[in-house]
Amino acid sequence: MSSFEIYRRIVSGDLRPNLKIYNARKGLNQLEASFFSKPVKVGDRNEVIKEVEDFLKTSPRYKEGDTVKIRIDNKNRKITVEVSNAPGEEDLINIDICPPWDFRGELFSRIIEDVHLRFKNTIKEKLRNSDNSDDLEFFANHSISILKQIAIDAHLFEKRLSASNTKDSRSSRYVLMVLKKHLLYAIIEIEISLKALIKIPLQTEFELEDELYEFSASKMEERVKKNIKEMDTKYIQRFYGELGIKATEEAKMTFFRNKVVDMENYIQTAEQVYPFNIHHRDLLLNEYGRLLSKEFISKIFSVLTGTTEDLPFLIQERTRLLEDKNSIECRALSTTDFFHRIELRINAIKELTTTVTADPDQLLKDIISFCINLQGRKGRNYKENDLNTDLADLLRAKGYNISDQTLHGRSGGGNNSSIPGELDIAIRDPNNNGIIMSIVECFIIDSCGPENKIIEEHIHKLLNRYDTAGNRHNFAVIFAKAKDFHGLWRNYQEYINHQVFKSRLDTTELNINDLTYEYAKVCVTDLQRRDSQRRLFHIFINMYNS
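Computed from a predicted structure; not experimentally measured.

A. Region of the structure containing the overall build of the protein chain. Secondary structure assignment for the protein chain yields 17 helices and nine strands. Here the protein chain holds 546 residues, and 41% of them are scored as buried. Sequence-distant contacts, at least 24 apart, represent 64% of the contacts inside the protein chain between residues at least 6 apart. Put simply, the protein chain shows about 31300 Å² of open surface, and 50% of that area lies on carbon and sulfur atoms.

What follows is the structure in structure tokens.
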């Protein structure tokens, strides 16, 4: 009898678990005997062994190497065969199916599982014996179609039994629940086994449950999400109960920040940390972020003028809050739309910016001025990309036509030399079709010796890879993080003259009006390229944080 036929008998035939015959132990014993016993005639020990071997060949649970125990009951004329898995091959418990609570559930579960194992063997036999892809495709599609129809019928049968909440109906519904699971397993087994040979649209267990069992997987997921959301809300409300209705916004922020700190300290020191501990920490962080975002948005937006003059302030506030990405404040705000709202306002102001013509002398003064502005924030843990972004935004706010992190020129050497490189800041000429007129290359150093490759690599990129047109003015902005700023500046000039330009070009230190001696230095290298005069300005900014 085929697996499909037995499944059909459980759903709509003589094996329906709610039939009266299966309410009594006698009927269940007869059912067990019909599936797991067979009459034999034996005369001696050899015939017993042969009959047992033949019986095992038909059992899907028996594997070569398993232990077989045979008990012979001469009085009742009965032979009992018990199969045990080889060591280390014990059957795993299926946590998706709860254990049966009565003999009916246990017996039908054994029958359903045996049928499933036989069907898996049928698939393997089909793969071994057939090399015709059309035949395999028909087998797969036909089997899946039948299994799906049986699954739908089983689900409708279970729904009918749900109307009667008796002990017998609960036991019968358990049997149908087990059957429904194994029908899904059978479909997935076909898809996985034959996917390399035929084009079958693969479905997950959850997708099959939604298709066949009236969206039961999605409904369960929604119920779980709803329950979790309700529990999360109650968890936060409990803390507001502690605070009291008269608590100020500042008191709320302090309270939830302290709760985050306490929970993180516990997570770091506890011997055993559970997922709900992490979840509760995240809930507290989210609530702190919500309060903090509301407070900061109110304070920041209240002082904005709606003009381009707001841009440096917004950039400064964004940078200040992002300077330590591991801080509680930054992580809390990142759970909200705070930084997105700030970014939208910055972009809106950028749209209002009027483009100005880039006069080289004024451009140099503006770059120096903005770099000194950035130098005032040296206490923050600036990364190179952060400095590039902020400098580009400040220049853009002044009205320059800026492209930051633009693909242009050539990247590194070797096989990738034809790939465009990513230059830091490109300043375009609005009166000449927006072509790049100057490039600003920014980098950080804390030492400058003969073995230092950072400086030479950046200068080489700027002059030989990015500046393919031969700009008349380019800028190298060096953020120096050495304690001895003046010593590093002297070493840098010597390095530029001898290491980079091999003493073939002149580099001259400049005196710029209003330039603070302790904070910034400037020198210029006069270059020659294809009979055109070019200049590279080196702007040296003290970023050492004492």
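So much for the structure itself; the text now carries on.
B. Quick peek at the packing of helix α8 (residues 216-243) against helix α10 (residues 275-302). Look at α8 against α10: their axes get within 11 Å of each other, and the N-to-C directions meet at 65°. Our pair here, α8 against α10, has a crossing hand that is right-handed. When α8 is examined against α10, the residues Ile228, Asp232, Tyr235, Ile236, Phe239 and Tyr240 are found in contact with a partner set consisting of His279, His280, Leu283, Leu284, Glu287, Arg290 and Leu291. Looking at the contact of α8 with α10, its residues break down into eight nonpolar, two polar and three charged.

C. View of the side chain of serine 169. Tracing the chain through its elements places serine 169 in helix α6 (residues 167-194). Contacts of serine 169, omitting those with residues within four sequence positions, involve Leu161 and Ser164.

D. Examining helix α4 (residues 103-129) more closely. Here α4 spans 39 Å end to end across 27 residues, near enough to the 39 Å set by a 1.5 Å rise per residue. Arg104, Gly105, Leu107, Phe108, Ser109, Ile111, Ile112, Asp114, Val115, His116, Phe119 and Ile123 are the residues of α4 that are buried. Against α1 (3-12), α2 (25-36), α5 (133-162) and α6 lie the buried residues of α4.

E. Region of the structure containing the packing of aromatic side chains. A full pass over the atoms with the stated rule returns 15 aromatic pairs. Aromatic pair tyrosine 274 and phenylalanine 276: ring centres 5.8 Å apart, planes at 5°, arrangement stacked. On the accessibility criterion, phenylalanine 276 (48% relative accessible area) is partly exposed. Ring plane angle 75° and centroid distance 5.2 Å describe the contact between phenylalanine 338 and phenylalanine 339, whose orientation is recorded as edge-to-face. Each member of the pair, phenylalanine 338 as well as phenylalanine 339, carries the same accessibility label: buried.

F. Broad picture of the pattern of salt bridges. Under the defined criterion, the tally for this structure stands at 27 salt bridges. Taking the shortest distance from any N to any O, the salt bridge between aspartate 393 and arginine 318 comes out at 3.0 Å. With aspartate 393 in helix α15 (residues 384-398) and arginine 318 in helix α11 (residues 310-322), this pair connects stretches of sequence that are 75 residues apart. We note that aspartate 393, like arginine 318, is buried.

G. Expanded view of the state of the cysteines. A complete count under the given rule lists zero disulfides for this structure. Unpaired in this structure, cysteine 371 has its nearest cysteine sulfur neighbour in cysteine 442, at a distance of 6.5 Å.

H. Up close: unusual backbone geometry. Positive phi values are uncommon outside glycine, yet glutamate 214 reaches one of about 60°. Mapped onto the fold, glutamate 214 is located in the loop between α7 (205-212) and α8. Assessed through its relative accessible area of 36%, glutamate 214 is described here as partly exposed.

I. Broad picture of the nonpolar core. By size, the foremost hydrophobic cluster in this structure holds 44 residues, and its most contacted members are Tyr7, Leu147, Leu179, Leu183 and Ile190. Of all the secondary structure elements, the ones that give two or more residues to this core are α1, α2, α4, α5, α6 and α7. Ranked by the residues each element gives to this core, the list is headed by α6, at 13 residues. In contact with isoleucine 190, other than residues within four places in its own chain, are Phe119, Ile123, Ala140, Ser143, Ile144 and Leu147.

J. Focus on the environment of serine 447. Turning to its location among the elements, serine 447 is positioned in the loop between β5 (435-445) and α16 (454-466). Serine 447 gets classed as partly exposed once you look at its relative accessible area, which sits at 37%. Sequence separation between serine 447 and asparagine 491 is 44 residues, and the spatial gap between their C-alpha atoms is 8.5 Å.

K. Molecular detail of the environment of aspartate 446. Along the chain, the position of aspartate 446 falls in the loop between β5 and α16. Judged by its relative accessible area of 54%, aspartate 446 falls in the exposed class. Put simply, aspartate 446 and tyrosine 544 are 98 residues apart on the chain and 8.7 Å apart in space, counted from C-alpha to C-alpha.

Criteria and cut-off values
Residues numbered from 1 in each chain as written. Predicted model: local features only at pLDDT ≥ 70, side-chain atom pairs only at ≥ 80, totals over all residues. Heavy atoms only, no water. Helix = DSSP H or I, 4+ residues; strand = E, 2+ residues; numbered from the N terminus. Buried < 20%, exposed > 50% of the residue type's maximum accessible area, 1.4 Å probe, protein only. Contact = heavy atoms within 4.5 Å. Areas by Shrake-Rupley, 256 points an atom, 1.4 Å probe, with all protein chains shown as cover. Axes fitted to C-alpha atoms, helices over the stretch in contact; angles between N-to-C directions. Left-handed = near helix turned anticlockwise from the far one by under 90°. Nonpolar A, V, L, I, M, F, W, Y, C, P; charged D, E, K, R; others polar. Expected span 1.5 Å × (residues − 1). Phe/Tyr/Trp six-rings, centres within 6.5 Å; stacked < 30°, edge-to-face > 60°. Salt bridge = Lys/Arg side-chain N within 4 Å of Asp/Glu carboxyl O. Disulfide = S-S within 2.5 Å. Core = buried A, V, L, I, M, F, W, Y, C linked by side-chain atoms within 4.5 Å.

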